[in-house]
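Inside the fold
Take a look at the letters that make up each chain.
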Amino acid sequence: AAGVIQSPRHLIKEKRETATLKCYPIPRHDTVYWYQQGPGQDPQFLISFYEKMQSDKGSIPDRFSAQQFSDYHSELNMSSLELGDSALYFCASSPDRGNTEAFFGQGTRLTVV
Amino acid sequence: EDQVTQSPEALRLQEGESSSLNCSYTVSGLRGLFWYRQDPGKGPEFLFTLYSAGEEKEKERLKATLTKKESFLHITAPKPEDSATYLCAVQAGNTDKLIFGTGTRLQVFP
């Protein structure tokens, strides 16, 4: 069965650089979520999209932005990177906005040096 | 403030030694409680969704139950391949986000 695809899997950037993370949800899933997981931490919600519109926002820094495109894939753009942005970034998708299960991708490991 | 607490933080079991993981929650308007399994460096893998108190779900050696205050993940006769971090999360109110607990790190030894 198709899963959530994230790219790249690993990314190394220097401080103050910009990074773009991509997410391709499971086909026919119209809701996409982004989470950040620091070392030894639980995933923290960043932002979500439903039918290409932002539907909810969590603890996402102003330096970060995201959008969902017409083909339902989503991109998380991160600017002015800081050392503290080093983390695993997960994308998840679900069939709708209701209380249904979200399926996670394998994540992008971002290292800021 | 919505909160999810998992216990214990870590659990070491002998193969075949059954046990339970706890997830206590304090939320306004629970819409669903989710259990995930996470292996190191990988994305959370969906296990169960529970919606109302009294509900139970089973999958192989795992069984999840839900009350109005907590959920349990029972592991029967675990095997070494069950070793992972088990995350509990809730969805509440009118938000999309999942609020995660800090997880229980399970190690099963042969």
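Our structure's up above, just so we're on the same page.
In short, a report on the structure. Since we're looking at a predicted model, the values are computed, not measured.

Within chain A, the secondary structure is distributed over zero helices and 11 strands. Ordering the α and β elements of chain A from the N terminus gives β-β-β-β-β-β-β-β-β-β-β. Relative to the compact-globule value of 13 Å for 113 residues, chain A shows a C-alpha radius of gyration of 13 Å, a close match. Reported as C-alpha extents along the three principal axes, the dimensions of chain A are approximately 35 × 25 × 25 Å. In chain A, 53% of the contacts between residues at least 6 apart in sequence involve partners at least 24 apart. Accessible area of chain A: about 5400 Å², with a carbon and sulfur share of 48%.

Turning to the nonpolar core, a few remarks are in order. Core analysis: the largest hydrophobic core is formed by 23 residues, its most contacted members being Leu33, Trp35, Leu73 and Tyr86 of chain B. For this core, the secondary structure elements donating two or more residues are strand 2 (10-14), strand 3 (19-26), strand 4 (30-38), strand 5 (45-50), strand 7 (62-66), strand 8 (70-75), strand 9 (84-92) and strand 11 (104-109) of chain B. Ranked by residue count, the leading element in this core is strand 9 of chain B, at four residues. Leave out the neighbours within four places in its chain, and tyrosine 86 of chain B touches Gln6, Leu21, Trp35, Tyr36, Arg37, Leu47, Leu62, Leu73, Gly103, Thr104 and Leu106 of chain B. Val4, Ala19, Ala66 and Leu110 of chain A belong to the second-largest nonpolar core, a separate cluster that totals 22 residues.

We now examine the interface of chain B and chain A. Opposite the 22 residues of chain B that make contact, chain A presents 23 residues. Of the roughly 1800 Å² buried between chain B and chain A on both sides combined, carbon and sulfur atoms contribute 50%. Joining chain B to chain A, the criterion identifies zero salt bridges. The interface formed by chain B and chain A includes four residue pairs in polar contact (both at pLDDT 80 or more). Taken together, the elements giving at least two residues each to the side of chain B that touches chain A come down to strand 4, strand 5 and strand 9 of chain B. Considering every element that reaches the side of chain B that touches chain A, the biggest residue donor is strand 4 of chain B, with five residues. The residue makeup of the side of chain B that touches chain A, split by class, is eight nonpolar, 10 polar and four charged.

All names here are of chain B. Enumeration over the complete set of coordinates arrives at 10 aromatic pairs over all chains. Residues tyrosine 36 and phenylalanine 46 carry aromatic rings whose centres are separated by 5.9 Å and whose planes lie at 75 degrees to one another, so their mutual orientation is edge-to-face. Taken together, the residues span a long stretch of sequence, with tyrosine 36 in strand 4 and phenylalanine 46 in strand 5 at a distance of 10 residues. The same class applies to tyrosine 36 as to phenylalanine 46, namely buried. Considering the side-chain rings of tyrosine 36 and phenylalanine 100, the 6.0 Å spacing of their centres and the 45 degrees angle between planes classify their relative orientation as tilted.

This part takes up the pattern of salt bridges. For the structure shown, the criterion picks out seven salt bridges over all chains. Aspartate 85 of chain A serves as the salt-bridge partner of arginine 63 of chain A, at 2.8 Å between the closest nitrogen and oxygen. Of this pair, arginine 63 of chain A sits in the loop between strand 6 (53-57) and strand 7 (64-68) while aspartate 85 of chain A sits in the loop between strand 8 (74-78) and strand 9 (87-94), and the two are 22 residues apart along the sequence. The partner of lysine 57 of chain B in a salt bridge is glutamate 55 of chain B, and the shortest N-O contact between them spans 3.8 Å. The exposure class assigned to lysine 57 of chain B is partly exposed, which follows from its relative accessible area of 29%. According to the relative accessible area criterion, glutamate 55 of chain B is buried, its value standing at 19%. Taken together, the salt bridges that share partners define one network made up of Arg63, Glu82 and Asp85 of chain A.

About the cut-offs
Residues numbered from 1 in each chain as written. Chains lettered and ligands numbered in written order. Predicted model: local features only at pLDDT ≥ 70, side-chain atom pairs only at ≥ 80, totals over all residues. Heavy atoms only, no water. Helix = DSSP H or I, 4+ residues; strand = E, 2+ residues; numbered from the N terminus. Rg over C-alpha atoms; globule rule 2.2 N^0.38 Å. Contact = heavy atoms within 4.5 Å. Areas by Shrake-Rupley, 256 points an atom, 1.4 Å probe, with all protein chains shown as cover. Core = buried A, V, L, I, M, F, W, Y, C linked by side-chain atoms within 4.5 Å. Buried < 20%, exposed > 50% of the residue type's maximum accessible area, 1.4 Å probe, protein only. Buried area = accessible area lost by both parts, 1.4 Å probe. Salt bridge = Lys/Arg side-chain N within 4 Å of Asp/Glu carboxyl O. Polar contact = N/O pair within 3.5 Å; in protein donor to acceptor, adjacent residues only side chain to side chain. Nonpolar A, V, L, I, M, F, W, Y, C, P; charged D, E, K, R; others polar. Phe/Tyr/Trp six-rings, centres within 6.5 Å; stacked < 30°, edge-to-face > 60°.

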